[in-house]
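Descriptive structure summary
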Amino acid sequence: MALAELWSYFKGYVIIRVKGGTLETFINTASARGIDLWGITKIDDRSLVVRVYLRDLPAAGRVLKETGCGGRVEKKVGVPFLIMRLLKRRGLAAGAILFSVALYALSSFVWFVDVSGLERAEPEAVLEFMAREGVRPGVLKRSINPGALSKRILAEFPEFAWAGVQIRGTMVSIEIAEKTLPEVKPGVVDVVAAEDALITNVIVLSGEPVVSEGETVTKGQTLISGLIMQPGTDRPRQPEVVNAKGIVLGRVWRSHQEIVPLVRQIETPTGRVKKTRRVVMGRFNFCIGPKTPPFTAFVRQDKSYSLPLGHLIKAPVRVDEAIYREVVRRTELVDKEAALAGSKEKARRALMERLPKGARVLDEREDVKYSQDRALVYTYTVETVEDIAKERREERELERSAH
Amino acid sequence: MRTPAGRNRIDGVQEKVVDLFEIPKHALLDIPRVVLVGNAELVLENHMGILEYREDRIRVATGRGEITVEGKGLSIARILKREIAIEGQIRRLDLWR
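Residues numbered from 1 in each chain as written. Chains lettered and ligands numbered in written order. Predicted model: local features only at pLDDT ≥ 70, side-chain atom pairs only at ≥ 80, totals over all residues. Heavy atoms only, no water.

All names here are of chain A. On average, chain A scores 85 in pLDDT, and the residues at 70 or more come to 94%. Ranking the helices and strands of chain A by mean pLDDT puts strand E1 (residues 13–19) first, with 93, and helix H9 (residues 397–402) last, with 44. Across residues 397–403, where pLDDT falls below 50, the model places seven contacts with residues more than four positions away in sequence or in other chains. (pLDDT = per-residue confidence, 0-100. Helix = DSSP H or I, 4+ residues; strand = E, 2+ residues; numbered from the N terminus. Contact = heavy atoms within 4.5 Å.)

Next comes the structure, spelled out in structure tokens:
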């Protein structure tokens, strides 16, 4: 059994070769005295191999002597022998102990100080402060109190929201979260309408609302003013210049028109072709062939020939050729439903692209009208509720306050 | 377990006590208990020593007589004060020869 073997390995045992005498008597006497024997193998008629625990070795030796058997230790197995061997090699043992002691001693010092999480502040400033507080490479880890240290960091740097000090192995790692302060823009910042809309909801975060719910506003109209008025007057209070901020929900209508032609011109070539050539020599030119188009309905193709003399020298003679191909024109009615469906899809896609993020569609309408020139006008309208607030900055606080 | 005629004089009282309390017999009396695992291992409790140890035959003394194990490549896997385990190819087992 593996477990039994492991146990005997820990206790330590010897393999003894027993010779001569009556082997059975040796086995019987030994087991009768409580000496456990195992792994007995007969080698020949007069000798066998037997395993005995290290603990029982002196007793086994006595039994050997009493029964007149000769014994010789063949092999020593187990942990106690390993330890004995190790003790003999003092240098190695001393080295192992020295190594452990050195490892322990060196790992009880701080080797690195690391600052992370900084975005605006300089880590050097924090490291310098830590060094003043007695946290720098070379000090004992035991002398550091992470909880108190993080509080002192926060006291020293008011711009930090949180500081965590952790000792990881030989590294002191300081994690810092900075406060995010709202960015204040210079000048007056108003909130204006991004679209023409019907206001449904005004939520002011800062500033003075100048429109109310139910009002119709046009694009660019001020919704929330960055100048806070004094009650009852039109004058802004001197210091109250703020960055207006807020959410203004409004209904916005957007429409897109597509013109759907109901007829299509089709040109079919009849096969009749006429050519006209014009020879141009400087200012002088003359014509070969008809000067005016020879057909009532035609497709014209122009070509120009000249001597290939390169880019530098202009050719003295050029021939311009016009080819007239006669066609028969006829108009054809378009499949109204198919054309309309295609335009609907196009209009819808075009409009959806124009919708800002976060817009909620309330209503969709479509309208089809006939126009005079044999076409349909398809209008697709979407009504949405969306945040129309847009910030606009102006450098005007001085003029206003001078009033 | 049958008792040979010669051993009948063993304390009848002790055996009766054992029967009365339903104690396993081999635990109190010197009655051997033999466990044979396949034909590869034989464990014998309450032995009284080895009489003969050869690779093809091992004879063990017990309180009720002699037990002989015959086979090939027999070895004593362990021998403790009250227990002996024999390993090898066991072919024959003789009780109370």
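So, on to the pattern of salt bridges. All names here are of chain A. Applying the stated criterion across every chain yields a total of 30 salt bridges over all chains. For Glu74, the salt bridge identified is with Arg17, shortest N-O distance 3.8 Å. Here Glu74 is found in strand E4 (residues 70–77), whereas its partner Arg17 is found in strand E1, with 57 residues between them in sequence. Here Glu74 falls in the partly exposed class, since its relative accessible area comes to 37%. The partner of Arg318 in a salt bridge is Asp320, and the shortest N-O contact between them spans 3.0 Å. A relative accessible area of 36% means that Arg318 is categorised as partly exposed. (Salt bridge = Lys/Arg side-chain N within 4 Å of Asp/Glu carboxyl O. Buried < 20%, exposed > 50% of the residue type's maximum accessible area, 1.4 Å probe, protein only.)

Okay, the sheet that holds strand E22 (residues 389–394) of chain A next. Residues and elements named next belong to chain A. In spatial order, the strands read E10-E12-E8-E22; together these four strands make up an open sheet with antiparallel pairing. Looking at strand neighbours, the two that pair on one side only are strand E10 (208–209) and E22, the edges of this open sheet. The pairing of E10 with strand E12 (residues 222–225) spans two bridges and is antiparallel. Residue pairing in the sheet places Glu208 in a bridge with Ser225 of E12. (Pairing = 2+ DSSP bridges.)

The subject of this paragraph is the interface of chain B and chain A. Contacts between the two partners involve 15 residues from chain B and, on the opposite side, 15 residues from chain A. In this assembly, chain B packs against chain A so that about 1,200 Å² is buried in total across both faces, 56% of it on carbon and sulfur atoms. Looking only at chain B, the three residues that lose the most surface to chain A are B:Tyr53, B:Ile79 and B:Lys81, adding up to 46% of its buried area. Our count for the chain B to chain A interface comes out at zero salt bridges. Counting across the chain B and chain A interface gives seven residue pairs in polar contact (both at pLDDT 80 or more). Contributing elements (two or more residues each) for the side of chain B that touches chain A: strand E3 (47–53) and strand E5 (65–79) of chain B. Its residues assigned to classes, the side of chain B that touches chain A shows seven nonpolar, three polar and five charged. Pairing geometry for strand E2 (residues 37–44) of chain A and E5(B), over three bridges, is antiparallel. (Buried area = accessible area lost by both parts, 1.4 Å probe. Polar contact = N/O pair within 3.5 Å; in protein donor to acceptor, adjacent residues only side chain to side chain. Nonpolar A, V, L, I, M, F, W, Y, C, P; charged D, E, K, R; others polar.)

Take a nonpolar patch on the surface next. Taken together, A:Leu106, A:Phe109, A:Trp111, A:Phe112 and A:Leu140 make up a surface patch of nonpolar side chains, about 480 Å² in accessible area. Within the secondary structure, A:Leu140 is located in the loop between helix H6 (123–132) and helix H7 (146–156). (Patch = residues over 30% accessible without salt bridge, like charges linked within 9 Å, V, L, I, M, F, W, Y side chains within 5 Å. Areas by Shrake-Rupley, 256 points an atom, 1.4 Å probe, with all protein chains shown as cover.)

Take the sheet that holds strand E5 (residues 112–116) of chain A next. All names here are of chain A. Here we have three strands laid out as an open sheet, ordered E5-E7-E6, and mixed in their pairing. Across the chains shown, the open sheet's two edge strands, defined by having one partner strand only, are E5 and strand E6 (160–168). With strand direction ignored, the average angle separating the axes of adjacent strands in the sheet is 15°. Here E5 runs beside strand E7 (residues 171–178); their pairing, made up of five bridges, is parallel. Its bridge partner lying in E7, Asp114 is registered against Ser173. Against the sheet, H6 touches E5, E6 and E7, its axis set at about 135° to E5. (Axes fitted to C-alpha atoms, helices over the stretch in contact; angles between N-to-C directions.)

Turning our attention to the pairing of strand E16 (residues 263–281) of chain A. Residues and elements named next belong to chain A. Summarising the sheet, E16 and strand E19 (residues 317–333) pair through 16 bridges and their orientation is antiparallel. Following the sheet pairing, Lys275 is matched in E19 by Ile323. Pairing between E16 and strand E17 (residues 284–288): five bridges, direction antiparallel. Bridging from a neighbouring strand, Arg278 pairs with Cys287 of E17. Linking E16 back to E17 in an antiparallel pair, the connection comprises two residues, with Gly282 at a positive phi of about 65°.

Counting residues in each nonpolar core, the largest one holds 32 residues, and the members touching the most others are A:Val18, A:Ile27, A:Leu37, A:Ile40, A:Val50 and B:Ile76. Broken down by element, the residue count for this core peaks at five residues, all from E5(B). Apart from residues no more than four positions distant in its own chain, A:Ile40 is found in contact with A:Ile27, A:Leu48, A:Val49, A:Val50, B:Tyr53, B:Ser75, B:Ile76, B:Ala77 and B:Ile79. Grouped together as the second largest cluster of nonpolar side chains are 20 residues, A:Val115, A:Val135, A:Val139 and A:Ile144 included. (Core = buried A, V, L, I, M, F, W, Y, C linked by side-chain atoms within 4.5 Å.)

So, on to the packing of aromatic side chains. Evaluation of the coordinates by the stated rule reveals six aromatic pairs over all chains. Taking 5.7 Å as the distance between ring centres and 90° as the angle between the ring planes, the aromatic pair formed by A:Phe129 and A:Phe157 counts as edge-to-face. Here A:Phe129, found in helix H6, pairs with A:Phe157, found in the loop between H7 and E6; they are 28 residues apart in sequence, far enough to count as distant. Since its relative accessible area comes to 10%, A:Phe157 is described here as buried. Plain terms: the ring middles of A:Phe298 and A:Tyr324 are 5.2 Å apart, the flat faces sit at 80° to each other, and that makes the pair edge-to-face. Linking A:Phe298 in strand E18 (residues 298–306) with A:Tyr324 in strand E19, this pair joins segments that are 26 residues apart in sequence. Three or more aromatic residues link up through ring pairs in this structure, and these residues are A:Tyr13, A:Trp38 and A:Tyr53. Over the ring of A:Tyr53 we find A:Lys11; its NZ or CZ atom is 4.1 Å from the centre of that ring. If you follow A:Lys42 out to its NZ or CZ, it ends over the ring of B:Tyr53, 4.8 Å from the centre. (Phe/Tyr/Trp six-rings, centres within 6.5 Å; stacked < 30°, edge-to-face > 60°. Lys NZ or Arg CZ within 6 Å of the ring centre and 35° of its normal.)

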